[in-house]
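# Summary of the model geometry
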Amino acid sequence: QVQLEESGGGLVQAGGSLRLSCAASGGTFSSYGMGWFRQAPGKEREWVTAIDRSGSSTYYADSVRSRFTISRDDAKNTMYLQMNSLKPEDTAVYYCAAGQYNNYFHYDIPVGYDYWGQGTQVTVSS
């Protein structure tokens, strides 16, 4: 069992930066692939980025590539999302997620994940 808690959301102006954190407890953090999703009002949940359980591979949606950076610190049981050059269209509730897998990490779809945080609001003003 894994419990996830996001933090670091808030209000930022367009062009600014924000760092989200996802703290995990109740499981072996290093055994899970991790990812971030976001959901804006009236829209479906959208995959943003992911990192495999070893930390050796990262994946980004085209909309955030070159602006966002995902990382993990297994010693702290924490995953991070560094967001730079933020745009109003980045406004959403951001969710962290953990997925267990054997041979393949289905990192870009919700069914690839087993545990979800409660979400943190990110608002980018213009």
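Quick look at the structure, then. This one's a predicted model, so the numbers in the text were calculated from it and none came from an experiment.

Now for the pairing of strand 5 (residues 46–51). Taken across its six residues, strand 5 has five buried, putting it largely inside the fold. Summarising the sheet, strand 4 (residues 33–39) and strand 5 pair through five bridges and their orientation is antiparallel. Note that in strand 5 the partner of Phe37 across the bridge is Trp47. When strand 5 meets strand 6 (residues 58–60), the two strands line up antiparallel, connected through three bridges.

This next bit is on the packing of aromatic side chains. Where two aromatic rings form a pair, the distance of their centres and the angle of their planes describe that pair. Overall, the coordinates contain nine aromatic pairs when judged by the stated rule. Note on Tyr59 and Tyr107: the rings are 3.8 Å apart at their centroids and 10 degrees apart in plane angle, and the pair reads as stacked. Highlighted residues: Tyr59 in strand 6 and Tyr107 in the loop between strand 9 (92–99) and strand 10 (115–116), separated in sequence by 48 residues. Ring plane angle 65 degrees and centroid distance 6.2 Å describe the contact between Phe105 and Tyr107, whose orientation is recorded as edge-to-face. Relative accessible area serves as the criterion here: at 6%, Phe105 is assigned to the buried category. The ring of Tyr101 is capped by Arg53, whose NZ or CZ atom sits 4.1 Å from the centre of that ring. The lysine or arginine in question, Arg72, covers the ring of Phe29, its NZ or CZ lying 4.5 Å from the ring centre.

Attention now goes to the environment of Thr123. Looking at the element boundaries, Thr123 is found in strand 11 (residues 120–125). For the pair Thr123 and Gly10, spaced 113 residues apart in sequence, the C-alpha separation works out to 6.1 Å. With residues up to four places along the chain from it excluded, the contact list for Thr123 reads Gly10, Leu11, Val12 and Thr91. There is a polar contact of 3.3 Å between the side chain of Thr123 and the side chain of Gln121.

On the secondary structure map, Thr78 appears in strand 8 (residues 78–83). Given a relative accessible area of 9%, Thr78 falls into the buried group. Within the structure, the side chain of Thr78 is placed 2.8 Å from the backbone oxygen of Lys76, a separation counted as a polar contact. Filtering out sequence-adjacent residues up to four positions away, Thr78 remains in contact with Ser21, Cys22, Ala23, Phe29, Arg72 and Asp73.

Phi at Ser66 is positive, roughly 80 degrees, even though this residue is not glycine. Among the structural elements, Ser66 can be located in the loop between strand 6 and strand 7 (68–73). Assessed through its relative accessible area of 74%, Ser66 is described here as exposed.

What follows is about the state of the cysteines. For the structure shown, the criterion picks out one disulfide. Here Cys22 connects covalently by a disulfide to Cys96, the sulfurs 2.2 Å from one another. Because the sign of the S-S torsion sets the handedness, a value of about 60 degrees for the bond joining Cys22 and Cys96 places this disulfide among the right-handed ones. In this pair, Cys22 sits in strand 3 (residues 18–25) while Cys96 sits in strand 9, placing the two residues 74 residues apart along the sequence.

Conventions adopted
Starting from 1, residues in each chain are numbered consecutively following that chain's sequence as written. Predicted model: local features are reported for residues with pLDDT of at least 70 only, side-chain atom pairs are reported and counted for 80 or more only, and whole-chain, interface and lining totals are derived from all residues. Values reported for side chains reflect all heavy atoms of the structure, with hydrogen atoms and water molecules removed beforehand. Accessibility here uses a 1.4 Å probe with only protein chains present; expressed as a share of the type maximum, an area under 20% marks a residue as buried, one over 50% as exposed, and anything in between as partly exposed. Numbered from the N terminus, helices here are DSSP runs of H or I no shorter than four residues, and strands are runs of E no shorter than two. Criterion used throughout: strands pair if DSSP finds at least two bridges between them. The rule is short: rings of Phe, Tyr and Trp, with Trp giving its six-membered ring, pair when the centres are within 6.5 Å, and they are stacked under 30 degrees, edge-to-face over 60, tilted in between. A positively charged side chain is recorded as over a ring if its NZ (Lys) or CZ (Arg) lies within 6 Å of the ring centre. The angle to the ring normal must also be within 35 degrees. By definition in these notes, contact holds between two residues if any of their heavy atoms fall within 4.5 Å. Here a polar contact means two N or O atoms within 3.5 Å. Within protein one must be a hydrogen donor candidate and the other an acceptor candidate, and residues neighboring in sequence count only if both atoms are side-chain atoms. The term disulfide is used for any two cysteine sulfur atoms that are within 2.5 Å.

Honestly, that's just the spatial picture; any functional story needs more than this.
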